[in-house]
Amino acid sequence: MKTKFLWTSIVLACLAGPALADGAVIDPLSQCPLTGPAVGQSEACQALRVTFRDGVDSCMQQLKVKASVSTDDQFTHNSHTNRARMLICDREVRERMGLAD
């Protein structure tokens, strides 16, 4: 019982340390904008952006293929459906990559 309490206390102290620190540690990838201009971004940020963009592109292609199979082209290829696909895929890829808000 005492060892469980000791280990639990150690784990909680380690987890509470960053929360109680004066300055929060900022993950450099959290400051990486996934959209917009990539001027002045680090190589890690640029690699993250490419991975994100590739994920969104492949997701949008999959949704477009599914839509083409289920309906005719009149309703599957217009600005509204493309925007909806982009928003769906953006959120899905962010969640898959662990970057969701």
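Per chain, the residues get numbers from 1 upward, laid out in the order the sequence is written. The predicted nature of this model means local features are confined to residues of pLDDT at least 70 and side-chain atom pairs, given and counted, to a pLDDT of 80 or more, with totals for whole chains, interfaces and linings taken over all residues. Values reported for side chains reflect all heavy atoms of the structure, with hydrogen atoms and water molecules removed beforehand.

A look at the pattern of salt bridges
Pairs can form between side chains of opposite charge once their charged atoms are near each other.
Right, on to step 1. Salt-bridge detection follows one rule: a side-chain nitrogen of Lys or Arg within 4 Å of a carboxyl oxygen of Asp or Glu. Counted according to the given criterion, the structure contains three salt bridges.
Right, on to step 2. In this structure, glutamate 95 engages arginine 91 in a salt bridge whose closest nitrogen and oxygen atoms are separated by 3.7 Å. One end of the pair, glutamate 95, and the other, arginine 91, are both in helix α4 (residues 79-97), four residues apart, so they sit about a helical turn from each other.
Right, on to step 3. The exposure class assigned to arginine 91 is partly exposed, which follows from its relative accessible area of 38%.
Right, on to step 4. Between glutamate 92 and arginine 96 there is a salt bridge whose closest N-O contact spans 3.4 Å. Taken together, the residues glutamate 92 and arginine 96, both in helix α4 and four residues apart, mark about one turn of the helix. Numbering of helices and strands runs from the N terminus, with a helix taken as a DSSP run of H or I at least four residues long and a strand as a DSSP run of E at least two residues long. Note on classification: 1.4 Å probe, protein chains only; a residue is buried when its accessible area is under 20% of the maximum for its type, exposed when over 50%, partly exposed between these limits.

Topic: the environment of glutamine 41
Right, on to step 1. The residue glutamine 41 is located in the loop between α1 (2-20) and α2 (43-70) in this model.
Right, on to step 2. For glutamine 41, a relative accessible area of 24% gives the class partly exposed.
Right, on to step 3. The spacing of glutamine 41 and glutamine 31 is 10 residues in sequence and 9.6 Å in space, taken between C-alpha atoms.
Right, on to step 4. Excluding anything up to four places from it in sequence, glutamine 41 contacts Cys32, Pro33 and Gln46. Here a residue-residue contact requires only that any non-hydrogen atoms of the pair lie within 4.5 Å.

What to know about the confidence of the model for the protein
Right, on to step 1. Confidence in the prediction of the protein, expressed as mean pLDDT, is 78, and 64% of residues score 70 or more.
Right, on to step 2. pLDDT measures the predictor's confidence residue by residue and takes values from 0 up to 100. Per-element confidence in the protein is highest for α4, whose mean pLDDT is 92, and lowest for α1, whose mean pLDDT is 61.
Right, on to step 3. Taken together, the stretch residues 22-28 has pLDDT below 50 and engages in one contact with residues farther than four places along the chain or on a different chain.

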